[in-house]
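Chain and residue survey
Each chain, letter by letter, is given below.
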Amino acid sequence: MIEKKKAPKLRFPGFTDDWEQRKFSDIVEIGSGMDYKHLNEGNIPVYGTGGYMLSVDAALSYDKDAIGIGRKGTIDKPYILRAPFWTVDTLFYCIPKIDYDLEFTSCLFQNVNWKKKDESTGVPSLSKVIINNVKTATPSLDEQQKIGEYFSNLDNLITLHQRKLEHTKDLKKSMLQKMFPKKGEKNPEIRFPGFTDDWEQRKLGEVVSLRGRIGFRGYKESDLVAPGDGAITFSPADIDEMGNVSTENNKYLSWTKYDESPEIQVNVGDILFTKTASIGKIGYIKDLKEKATINPQFALLTPKENSNGYFTFLSVRSVSFMKQVRGITGGSSVPTMSQEKLKELVFMSPSLGEQQKIGEYFSNLDHLITLHQRELEHLKLLKKGLLQQMFV
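Here the structure is a predicted model, which means the values were calculated and not measured.

Rules of the game
Residues numbered from 1 in each chain as written. Predicted model: local features only at pLDDT ≥ 70, side-chain atom pairs only at ≥ 80, totals over all residues. Heavy atoms only, no water. Pairing = 2+ DSSP bridges. Helix = DSSP H or I, 4+ residues; strand = E, 2+ residues; numbered from the N terminus. Axes fitted to C-alpha atoms, helices over the stretch in contact; angles between N-to-C directions. Contact = heavy atoms within 4.5 Å. Parallel < 35°, antiparallel > 145°, perpendicular 65-115°, else oblique. Left-handed = near helix turned anticlockwise from the far one by under 90°. Nonpolar A, V, L, I, M, F, W, Y, C, P; charged D, E, K, R; others polar.

Topic: the sheet that holds strand β6 (residues 79-81)
- Strands sit in the order β2-β8-β5-β6 across an open sheet of four strands; the sheet is antiparallel. Strand pairing shows two members of the sheet lacking a second neighbour, β2 (28-32) and β6, which therefore form its edges. Averaged over all adjacent pairs, the angle separating strand axes in this sheet is 35 degrees, with direction ignored.
- Note that strand β5 (residues 66-70) and β6 share three bridges and pair antiparallel. Bridging across to β6, Ile67 finds its partner in Ile80.
- Contacts between helix α2 (residues 102-110) and the sheet are confined to β2, β5, β6 and β8 (91-96), with β5 contributing the most and set at about 20 degrees to the helix.

If you want it as structure tokens, here you go:
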């Protein structure tokens, strides 16, 4: 029987030798973290399973970098530790031996399904024995360094996009505070040029038409059909943390049920307000490629001509507006907000022209956040795929 060649699907040019089977005990020396409370404050970082914690005046490793991996709790997120460092007692530190590249070794750790190595029936945990006995395969040091450098650059790119995403989210959070009036005030801290008039209090019912599924027209499981045989029906699960509404993996409602309920047929610019159970999930319909409707958990808010839809969407998602909602629904076992009560809730609003400026600004900011998220997800998927293809 011919032995199967031990080589990955993807390799850098010039490397053809088989990879050799090893155990992690051949590759790393595992050290145990220790309590740091007896140490003084200093400039040496202390790491736990979640990353950096604080700094002290002593190190467990002064000159050798390592890979940190959780001994208890979070055991599936290994990461590189740059010397000098100290680790807590729930984090092992694994120092590569001679002829093993740090970045490559880090990839080996990332390629293991550590949850399957969990030896506890309670809090997830690993032992030195478990880690040392993990089998893998490694190439020459030269090939390790090529692979390690590639993934290090990819990680840096992922970190860069993560920072861009966090920065844009922080900017949005800051501008939401500065471009909307604080409690008891009639003007925001930051305004677009040319707008000076006081903001005025408005009831939601004054600026939107509220619609919902009429009780006797509620649908049953038998009314759900295959994609393409009916209209998309949105549920709270389709709304993400930013209020984007997904049109993937939705349920579809028969055309008969869709046509008999025109009062809840969804259009671009509508706002989906969850009025039952998952109250607070609010979505904005930016575009639609096919006809759509809603399930009974929603109230459908259609902005009137005197209001900008995206500005209204931001207003009903605000902390002050949701505080009013919770004040009405907070005591219920299954929170429910009636459409009549929803109409009476209030928020501060400027002229239509200023609303449009604010709505456009935050719509563009949300679009930028979505682009950063997609690029980050793409890079993470790329890394995941390459980890599978560039290792044995």
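Quick word on the sheet that holds strand β18 (residues 298-303)
- If you walk across this open sheet you meet the four strands as β11-β18-β15-β16, and the pairing is antiparallel. The open sheet has two edge strands, β11 (208-212) and β16 (282-284), and neither has a second partner. Taken pair by pair, the neighbouring strands of this sheet meet at an average axis angle of 25 degrees, ignoring direction.
- Across four bridges, strand β15 (residues 271-274) lies against β18 in antiparallel orientation. The residue of β18 that forms the bridge with Phe273 is Ala299.

Some words on the packing of helix α4 (residues 141-178) against helix α10 (residues 352-389)
- Two numbers describe how α4 lies on α10: the axes approach to 10 Å, and their chain directions differ by 160 degrees. By the criterion of interaxial angle, the relationship of α4 to α10 is roughly antiparallel. Considering how the two elements wind past one another, α4 and α10 form a crossing that is left-handed.
- Residues belonging to the contact of α4 with α10 are distributed by class as follows: 19 nonpolar, five polar and eight charged.

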